[in-house]
Amino acid sequence: MVSKIRLEDRECPLSATLGIVGEWWTVLILHDCFDGYTRFDEFQANIGLSSSMLTARLKSLVDRGVLERSPYQERPVRYEYVLTDLGRSLRPVLVALAAWRNAQLAPEERSMILVDARTGREAEPVVVDAHTGERVDGPGYVFAAGPAAGPIMRQRYEGVATRPASEATFQPGVPETAAPEPA
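Remember, it's a predicted structure, so these values are computed and weren't measured experimentally.

## Structural notes on the pattern of salt bridges
Tallied over the entire structure, the rule returns six salt bridges. Measuring nitrogen to oxygen at the nearest pair gives 3.0 Å for the salt bridge that ties arginine 110 to glutamate 122. Taken together, the residues span a long stretch of sequence, with arginine 110 in the loop between α6 (91-102) and α7 (151-156) and glutamate 122 in the loop between α6 and α7 at a distance of twelve residues.

## Things to note about the packing of aromatic side chains
The geometry of two aromatic rings is summed up by the distance between their centres and the angle between their planes. Tallying each qualifying case throughout the model produces one aromatic pair. If you follow arginine 69 out to its NZ or CZ, it ends over the ring of tyrosine 79, 3.6 Å from the centre.

## Regarding the side chain of aspartate 32
Mapped onto the secondary structure, aspartate 32 falls in helix α2 (residues 24-34). We note that aspartate 32 is buried and unpaired, the nearest opposite charge coming from arginine 91 at a distance of 12 Å. Beyond its immediate chain neighbours, meaning those up to four positions away, aspartate 32 contacts Tyr37, Glu42, Phe43, Asn46 and Ile47.

## Side note on the pairing of strand β1 (residues 67-73)
Note on strand geometry: in a regular strand, side chains alternate between the two faces of the sheet. Relative to strand β2 (residues 78-83), β1 runs antiparallel, the two sharing six bridges. Across the sheet, the residue bridging to proline 71 is tyrosine 79, located in β2. Hairpin connection between β1 and β2: a loop of four residues separates the two successive antiparallel strands.

## Concerning the environment of valine 21
Of note, valine 21 is situated in helix α1 (residues 13-21). You can call valine 21 buried: its relative accessible area is 9%. Look past the residues within four positions of valine 21 in its chain and what remains in contact with it is Thr26, Val27, Leu30 and Leu90.

## Some points on the nonpolar core
Counting 16 residues, the largest nonpolar core has Ile29, Leu30, Cys33, Phe43, Leu54, Leu58 and Leu67 as the members making the most contacts within it. Breaking this core down by element, the ones donating at least two residues are α2, α3 (40-47), α4 (51-63) and β2. Excluding its chain neighbours within four sequence positions, the residues that come into contact with leucine 30 are Val21, Val66, Leu83, Leu90 and Leu94.

## Re the confidence of the model for the protein
In the predicted model, the protein carries a mean pLDDT of 85, and 83% of its residues have values of at least 70. Here residues 168-183 is modelled with pLDDT under 50, and outside its nearest four sequence neighbours on either side it reaches 17 contacts, counting other chains as well.

## Here's the deal with the side chain of threonine 84
Position of threonine 84 among the secondary structure elements: in the loop between β2 and α5 (85-88). Within the structure, threonine 84 has its side chain in polar contact with the backbone oxygen of valine 66 (distance 3.0 Å).

## Here we look at α4
Between its terminal C-alpha atoms α4 stretches 18 Å, which fits the 18 Å expected from 13 residues at 1.5 Å a residue. Looking only at α4, the buried set comprises Leu54, Arg57, Leu58 and Leu61. For α4, the angular spread of buried residues about the axis comes to 95°, placing them on one side. Within α4, the exposed residues directed more than 90 degrees away from the buried face are Ser52, Lys59 and Asp63. Taken together, the buried residues of α4 touch α1, α2, α3, β1 and β2.

## Considerations on the packing of α2 against α4
One can describe the packing of α2 onto α4 by two numbers: an axis separation of 10 Å at closest approach and a directional angle of 75°. When the axis of α2 is compared with that of α4, the two are roughly perpendicular. On α4, the residues that touch Trp25, Thr26 and Ile29 of α2 are Met53, Leu54, Arg57, Leu58 and Leu61. In the contact of α2 with α4, the residues fall into six nonpolar, one polar and one charged.

Criteria and thresholds
- Residues numbered from 1 in each chain as written.
- Predicted model: local features only at pLDDT ≥ 70, side-chain atom pairs only at ≥ 80, totals over all residues.
- Heavy atoms only, no water.
- Salt bridge = Lys/Arg side-chain N within 4 Å of Asp/Glu carboxyl O.
- Helix = DSSP H or I, 4+ residues; strand = E, 2+ residues; numbered from the N terminus.
- Phe/Tyr/Trp six-rings, centres within 6.5 Å; stacked < 30°, edge-to-face > 60°.
- Lys NZ or Arg CZ within 6 Å of the ring centre and 35° of its normal.
- Buried < 20%, exposed > 50% of the residue type's maximum accessible area, 1.4 Å probe, protein only.
- Lys, Arg positive; Asp, Glu negative; His and termini not counted.
- Contact = heavy atoms within 4.5 Å.
- Pairing = 2+ DSSP bridges.
- Core = buried A, V, L, I, M, F, W, Y, C linked by side-chain atoms within 4.5 Å.
- pLDDT = per-residue confidence, 0-100.
- Polar contact = N/O pair within 3.5 Å; in protein donor to acceptor, adjacent residues only side chain to side chain.
- Expected span 1.5 Å × (residues − 1).
- Arc of directions from axis to C-beta.
- Axes fitted to C-alpha atoms, helices over the stretch in contact; angles between N-to-C directions.
- Parallel < 35°, antiparallel > 145°, perpendicular 65-115°, else oblique.
- Nonpolar A, V, L, I, M, F, W, Y, C, P; charged D, E, K, R; others polar.

This is the structure:
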């Protein structure tokens, strides 16, 4: 997959994540895993994916450390696919994707919702900074070059971390690193 992305995206965590879980079928397999399904025949029945495509997707998830293959039957040998710690860490990503879509729908149009298992109350997930508890989807939080950033990534985000939050507002069609035009 690495050869299919631009050179400057190779170190981008968004590109790297999509390289692992960016396929439609992969997200559906992970969704099944989080719903408690672990067996090939369960995935195939739920998703409707051909055996060869499902085998390839499961192998890729195992190779990348998202799932582990574990025998559950000896004669004949059959395997289940269990989420690893890395795989379980993807749950917030899937929750956020579902919440993003549901936010575009009226409550009566939602076919799947996230609920508090204890109360049955619908939950409204948000992404917050673990240190402050503040939502990270506003202008006060921006992407910046990290310690391992190469020259292209550093150039893209040059000066971002030092910009005042008032200058870090999103404007469609304007790169995040550019300061907004005065009004």
